Amino acid sequence: MAAALAAVLGTGQTKHTSKRTDVSMAGLCREAIDRALADAQVGWDEVDAVVLGKAPDLFEGVMMPELVLADAIGATGKPLLRVHTAGSVGGSTGVVAASLVQAGVHRRVLAVAFEKQSESNAMWALSIAVPFSMPVNAGAGGYFAPHVRSYIRRSGAPDHIGAMVAVKDRRNGARNPYAHLHQPDITLESVLSSTMLWDPIRYDETCPSSDGACAVLIGDEAAADAALADGRQPAWIRGTVMRTEPTVAVGRNHANPQAGRDAAAALWAKAGITDPLAEIDVAEIYVPFSWFEPMWLENLGFVPAGEGWKLTESGGTELGGRLPVNPSGGVLSSNPIGASGLLRFAEAAMQVMGRAGDHQVSDARTALGHAYGGGSQFFAMWVVGSEKPGVRR
Amino acid sequence: MSGFPEVAVVGFGQSPQVRETTGTTNGVEMLVPVFQRLLADTGLSRREVGFWCSGSSDYLAGRAFSFVTAVDAIGALPPIAESHVEGDAAWALYEAWLKIRMGEADTALVYGFGKSSAGDLRRVLALQLDPYLVAPLWPDSVSIAALQARVGIEAGLWSEKEMAEVAARSRADGATNPHAQLREPLDPAGLLDTPYLADPLRAHDCAPITDGAAAIVLAAGHRAAELCERPAWITGLEHRVDSPVLGARDLGRAPSAGAAAAAAGTDGVQVAELATPFTSQELLLRRELGLADDVAVNPSGGPLCGNPMFAGGLVRIGEAAARVMSGQAGKVLAHASNGPLLQQNLICVMEGR
């Protein structure tokens, strides 16, 4: 049975920043939504359903905030779905919204994801108390640092690779008007002299805490055809995938998780991609700590295990490189947690729609959006392209 | 629906509904025996399940990521295709239904779990309200349900006597449900002489506080018949949400439930399992859904005999489907709800063939 075609018609996001005290959660979401609807040239009355994603409710202190946001996000009287799959949730929100169209249920679906970290304290919310886990109280960085050390030991990567990623992503972020951090003058030396937080992760190799939202309008084949006929390039969804594995299991590979490898393999197959490094023009990958760029390049199958750092070191992941990674500045430049995955998905779409502004990759026709969450155990990804898929699965 | 496969419920399992389960504060331990029995009943192996989807709430357990440990109840190696909704697992069933319709999976296992005993449920649910203007007043869930019951009484939509009759009927039915938390019948005669819990609600008008878990197996057309002798085919699955502003809503109504039911198609329904934790809400919903007088409402005893949060709506779908699968009913309706005072509503209509 073939899924129906679906495409991104428009995207919108807020200017990400550490504290948006001038707006409520509703106002934050609405900024992103209004921009997405304007970009898609779709009116409220044409939106059939709304999917809202965000990370744990403890991040804002509101239980199931989609309920209280129903009016502001235009869901009242319509179907409203709430997704929560840890840090991958923004990606999952895009996947679920796409599935509403691909399953033939709706014609136009609004996906919106947000985090307003200033309402609460993510570091606290992420430090799970006993009896659920060891009382480390070190947040996500403390959790992932041992995985990074393991990666460095296994791959023999030189110490400065992480800093190279940070320099690239922050300089890219300086070209993105919506990015939280604008650091055009950052250098390898300045990153390497920043404070060590969780060895080997330094302060400048860490994502910021951001308030922000992202919205994506997904339409069916007829809606996308109409947009194209009207001169607006849609981003055709060529494949979506979600995979999950346990946080802890004997023999589990934390630095190169099987769920990520399986997800990528399934995604490339769905999208008809046999050589991802050659066929993907730009990738927006969830890199909250610098070293995850080379780790995910391997996990996604762009390069063999142990080789990811070499692509980074060669400059291949810079704008203008062989595979530009995170031209938007990525999670290292903005991290409204629940929205970060949908931002990766939206930025991938913006690239193939030719609407990425100063961080546009020239001639980008096929792009990857990627998100992960939990203890590197939840994965959500999509491939979007400028060309309409000719043969349905 | 042409071009997309039909989807059916082919199996249902649930834990005992209890006041307080043992185990950790998210109650995920309740799932393991439910999965084991359900997979054994359907003859499906864990690795054959094409998609997993769950519903739960972090605030019930009082911790972030409470659904993550539920993955350990599955045994998710090799990795699985999986997702989670923050809310009743009936919406997880909706997401799984999408995946089957679009051809991503031909079977799905949907589950929900909630350990209400981990906190003070009435106060926890107050955190679903407007965080800037309403929640700081801590209006608890029973008190706002009382406001709704009062609205209906004043408008002549229902009476305390009719509410007591709902309670007595539910508890009589619950006596036959081996999973129910409350199985003692009520004496209808003295009910209106009992004290108010929150005027006009008395204890019998309110669902008990329940820990519990449930799971359902869905299958696409070609697989359903292999897994179940008489699948419960989903002929309508719709959900809608109403405004969260309690002062802007007519609290005697639930328009989103009515709209979902109209879209799902309720003609010929013989049984309705309704996620109504207050007697007044059953009376409200009967009217909103336009159910005929001869429709049997909550023959399982319903939420008034056991109300496992975030699994409750899935239990309603399972209980209704079970009546089709057993041959007791031809066409059934199940309802699920999220949020205060029936704000968000899902209707699932199923039939046997």
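Residues numbered from 1 in each chain as written. Chains lettered and ligands numbered in written order. Predicted model: local features only at pLDDT ≥ 70, side-chain atom pairs only at ≥ 80, totals over all residues. Heavy atoms only, no water.

(A) Structural view of helix 14 (residues 337–353) of chain A. Residues and elements named next belong to chain A. With 17 residues, helix 14 extends 25 Å between its outermost C-alpha atoms, agreeing within 8% with the 24 Å of an ideal straight helix rising 1.5 Å per residue. Of all the bends in helix 14, the largest measures some 25° and sits at Leu343. Burial within helix 14 is extensive, with 17 of its 17 residues counted as buried. Where helix 14 terminates, the next one or two residues include Gly354, which has phi positive at roughly 75°. (Helix = DSSP H or I, 4+ residues; strand = E, 2+ residues; numbered from the N terminus. Expected span 1.5 Å × (residues − 1). Bend = angle between axes of the 7 residues up to and from the residue. Buried < 20%, exposed > 50% of the residue type's maximum accessible area, 1.4 Å probe, protein only.)

(B) Geometry of the sheet that holds strand 7 (residues 211–220) of chain A. All names here are of chain A. If you trace the nine strands from one edge of the open sheet to the other, you get 3-2-4-7-1-8-11-10-9, paired in mixed fashion. For this open sheet the edge positions go to strand 3 (80–83) and strand 9 (282–284), each flanked by a neighbour on one side alone. Ignoring which end each strand starts from, the neighbouring axes of this sheet average 25° apart. Here helix 14 sits on the sheet and contacts strand 1 (6–13), strand 2 (49–53), strand 4 (108–116), strand 7, strand 8 (235–244), strand 9, strand 10 (366–373) and strand 11 (378–385); the angle it forms with strand 10, its principal contact strand, is near 175°. (Pairing = 2+ DSSP bridges. Axes fitted to C-alpha atoms, helices over the stretch in contact; angles between N-to-C directions. Contact = heavy atoms within 4.5 Å.)

(C) Seen up close, helix 8 (residues 221–229) of chain A. All names here are of chain A. Residues of helix 8 that are buried include every one of Ala223, Ala224 and Ala227, and no others. Down the axis of helix 8, the buried side of the element spans an arc of 95°, and every buried residue falls inside it. Contacts from the buried residues of helix 8 go to strand 1, strand 4, strand 7 and strand 8. Gly231 lies just past helix 8 and shows a positive phi near 90°. (Arc of directions from axis to C-beta.)

(D) View of the packing of helix 9 (residues 255–264) of chain B against helix 10 (residues 279–289) of chain B. Residue and element names in this part refer to chain B. In contact at an axis separation of 8 Å, helix 9 and helix 10 are set at 40° when each is read in the N-to-C sense. Between helix 9 and helix 10, the angle falls in the class oblique. Crossing of helix 9 over helix 10 shows right-handed handedness. Across the interface between the two elements, Pro255, Ala257, Gly258 and Ala261 of helix 9 pack against Leu285, Glu288 and Leu289 of helix 10. Here the residues of the contact of helix 9 with helix 10 are counted per class, giving five nonpolar, one polar and one charged. (Parallel < 35°, antiparallel > 145°, perpendicular 65-115°, else oblique. Left-handed = near helix turned anticlockwise from the far one by under 90°. Nonpolar A, V, L, I, M, F, W, Y, C, P; charged D, E, K, R; others polar.)

(E) Quick peek at the packing of aromatic side chains. Applying the stated criterion across every chain yields a total of 20 aromatic pairs over all chains. Between the aromatic rings of Tyr143 of chain A and Phe144 of chain A, the centroid separation amounts to 5.2 Å while the plane-to-plane angle is 90°, which identifies the pairing as edge-to-face. Residue Tyr143 of chain A is classed as partly exposed on the basis of its relative accessible area of 34%. Site record: aromatic cluster; members linked through ring pairs are Tyr143, Phe144, Trp198, Tyr286, Phe289, Phe292, Trp296, Tyr372 and Phe379 of chain A. Over the ring of Phe114 of chain A we find Lys54 of chain A, and its NZ or CZ is 5.7 Å from the ring centre. For Arg123 of chain B, the ring lying beneath its charged end belongs to Trp138 of chain B, and the centroid distance is 4.1 Å. (Phe/Tyr/Trp six-rings, centres within 6.5 Å; stacked < 30°, edge-to-face > 60°. Lys NZ or Arg CZ within 6 Å of the ring centre and 35° of its normal.)

None of the figures reported here should be taken as evidence of function without further support.
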